[in-house]
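Architecture and fold: a report
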Amino acid sequence: MKTVLLTLLAVAWLSTAAMAGSINIADRGAKGDGRTDNTAIIQQALRDCRQGTLIIPAGNFLTGPLTLPSDIRIYLEFGATLTGIADMSRYPRPAHGAPALISAAGASNITLCGEGTIDGQGHHANFQLGDDSKTGAIRPMLLHFENCRHIEVKDLHIRNAAYWVQKYEGCDDVSLRGLKVYSHGNFNNDGIDISGSANVIISDCNIDTDDDALCLKSEISASCENIVISNCLLRSNCNALKFGTGSYSGFKNITVSNIAIHKASEENRRHWKQSFPWMGITADTSVIAGIALEVVDGGSMDQVIISGVTMQDVQTPIFIRLGDRKKGPGNTVSTLKNVVISNIIARSVSRLSSCISGIPGHPVENISISHVRIFAPGGATATDETNIPENIQCYPENRMFNSILPASAFYIRHAKNISLEDVQVHTLEPDARKPFLLDDVGSFEARRCRLNDVIIEAEEIQQVRR
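Fair warning: this is a prediction, and the values are worked out from it, not measured in the lab. (Residues numbered from 1 in each chain as written. Predicted model: local features only at pLDDT ≥ 70, side-chain atom pairs only at ≥ 80, totals over all residues. Heavy atoms only, no water.)

Under the criterion given, the structure shown has 24 salt bridges. In this structure, E219 engages K167 in a salt bridge whose closest nitrogen and oxygen atoms are separated by 2.8 Å. Residue E219 is located in the loop between strand 20 (214–218) and strand 21 (224–236), and its partner K167 is located in strand 14 (residues 166–169); the two are separated by 52 residues in the primary sequence. According to the relative accessible area criterion, K167 is buried, its value standing at 8%. Of the charged contacts, one joins K327 and D324 as a salt bridge, the two residues approaching to 2.9 Å between their closest N and O atoms. With a relative accessible area of 38%, K327 lands in the partly exposed category. Counted as one network, the salt bridges with shared partners bring together D210, D211, R269 and R270. (Salt bridge = Lys/Arg side-chain N within 4 Å of Asp/Glu carboxyl O. Helix = DSSP H or I, 4+ residues; strand = E, 2+ residues; numbered from the N terminus. Buried < 20%, exposed > 50% of the residue type's maximum accessible area, 1.4 Å probe, protein only.)

This part is about helix 2 (residues 39–48). What helix 2 keeps buried is the set T39, I42, Q43, A45 and L46. Buried positions in helix 2, seen along its axis, are confined to an arc of 160° and lie on one side of it. (Arc of directions from axis to C-beta.)

Side chains that are nonpolar tend, in soluble globular proteins, to be buried together. In terms of nonpolar packing, the biggest core is built from 110 residues, with F145 and F410 touching the most fellow members. In terms of residue count, strand 25 (residues 300–322) provides more of this core than any other element does, 9 residues in total. With residues near it in sequence (within four places) discarded, F145 still touches L68, A104, I110, I151, V153, K167, Y168, E169 and C171. (Core = buried A, V, L, I, M, F, W, Y, C linked by side-chain atoms within 4.5 Å. Contact = heavy atoms within 4.5 Å.)

Here the structure, examined in full by the defined rule, presents 7 aromatic pairs. With a centroid separation of 5.3 Å and 5° between ring planes, the pair formed by Y163 and W164 is classed as stacked. What makes W164 buried here is its relative accessible area of 12%. Residues F243 and F251 carry aromatic rings whose centres are separated by 5.6 Å and whose planes lie at 35° to one another, so their mutual orientation is tilted. Of the two residues, F243 and F251, neither departs from the other in class, the shared state being buried. Between the NZ or CZ atom of R347 and the centre of the ring of F375, over which it lies, the distance is 4.3 Å. (Phe/Tyr/Trp six-rings, centres within 6.5 Å; stacked < 30°, edge-to-face > 60°. Lys NZ or Arg CZ within 6 Å of the ring centre and 35° of its normal.)

Shape descriptors only; they carry no functional weight alone.
Here you go:
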C-alpha cells in the first residue's frame, strides 16, 4: 500500500512539474542525430508540457507533423534544429488548405521562440512537384496556425519550406518578431502569410524568399484588420510587400513603416528578364513589385498607411489594383479606398511603371502618394502601346496588361480623388512617355512633381476622357 501511495505521489509531482516547469525532449529519448524519427516522442512531450516550456536542445531532431496544444512555450536552443521528414506520405492533405510540419487549430497562448532553426527540407527531391497552381500538388507548410489566439513566434531561423513558410489564418493577437526567414528550395515559398487575422504585429523580421516575402490575404470570411508591420527587410523574386491576391473580405486599419526591399539571394526558377523581354528588365534578378495592393475577390481595402520604404531591384515600385476576379460572399465587387503612401525611394529595373487601376464603374478612391523618389531605366518610345486592355478578371500582377504602360511614372485608370505630391522621377535614358497618364480619373491633383528635375506642368499630364 505504501509503495502504491509513493508511486501515485511521484506521478502527481511529475505531472505538476511538467505543467509548471519544462521538459527537454532529449530527456524523453529524442535523438538529435538527423536520422531518428522523433515524432512520437516530441508529440507526447507537447501533450505532457501543459503550461510549461518544451525545450529543443542543440542537435538535428528529425520529425514528422506536430500538433501544438494551448498554453505552451516551445524553446529552440542555439544549435537546435527541428527538421521535417521529406516524405509526402507523412503529410496527408487536410479537408481544406495544406498540411504543415507544425500546426495548431483553435488553440491559444502559444509561444514558439529561441535561437534555433525550423527546417522543412523543401529543396528535397520528394517535394519537387511543381507550382501548385499548375499541378495541384499540395506540399506541406512549415507553420500553420488556424483560428488561434495569443500567438507569439520570435527570434527563430525558419528555412526551406516545401510550400508557404508560415500561415496565420483566422487568428487574433499574433506577434511575429525577429524572425530570420530563408526559403528558395521550391515553388510558392511565401515568407509570411496572414489571412483573415486581426490584431497582428510583425516587426524586425529578415525575410528572403522565392515567392512573396510578406503577404496579407483574406481567403476566409474575415478581414485582415488592425495590423502593424515595421522594421523589416524584405527580399523576394516575386512581390515584396503584398496585400492579396485572396481578398474575399478584405483589409482594414493597417500601417506599414520602415521597410527595406531588394532582390532575393537566389533566383532558381523565375528568370523574369528572359521570360518577358518586352518589359525592358535590366537586371538578371528582380522583385516584381515593391508594394502591391490588390483586392479582386469582392472584399474591401480601407485605411492603409505605408511610409518609409526604400526599395531597389524592383520592376514596378507601386502597383494598386481593384479587379473583379471573383465576387465576394455578398456577390459584391471589390472596393479600394483611403490609402496613404509616403516617403518612398525606389530604384526600378524595368520600363513597367507604377500603376493605380480600378475597373469601369468601380474606381479606386482617395489615394494620396507623396514624397517619392523613383529612379527608372526609361528608354520607352512614344509608339509603345497606349491601348491598354481592361483584363477585369485577370490575376493581378504588374504585367497583367501584357504591355508596358503609357506613362513613365504613374498610369492611373478608373480612379477618383487621387493626390500626388512631391513625386520625383529620374530616368537613366530619355523616355518619350508622359510622366502621368490619366484614363477615366476624376479629381486628380499633382503638386511639386518633377521629371528629371523639371517641374511637371499640367500640359505634360496626359488625360483620356471617356
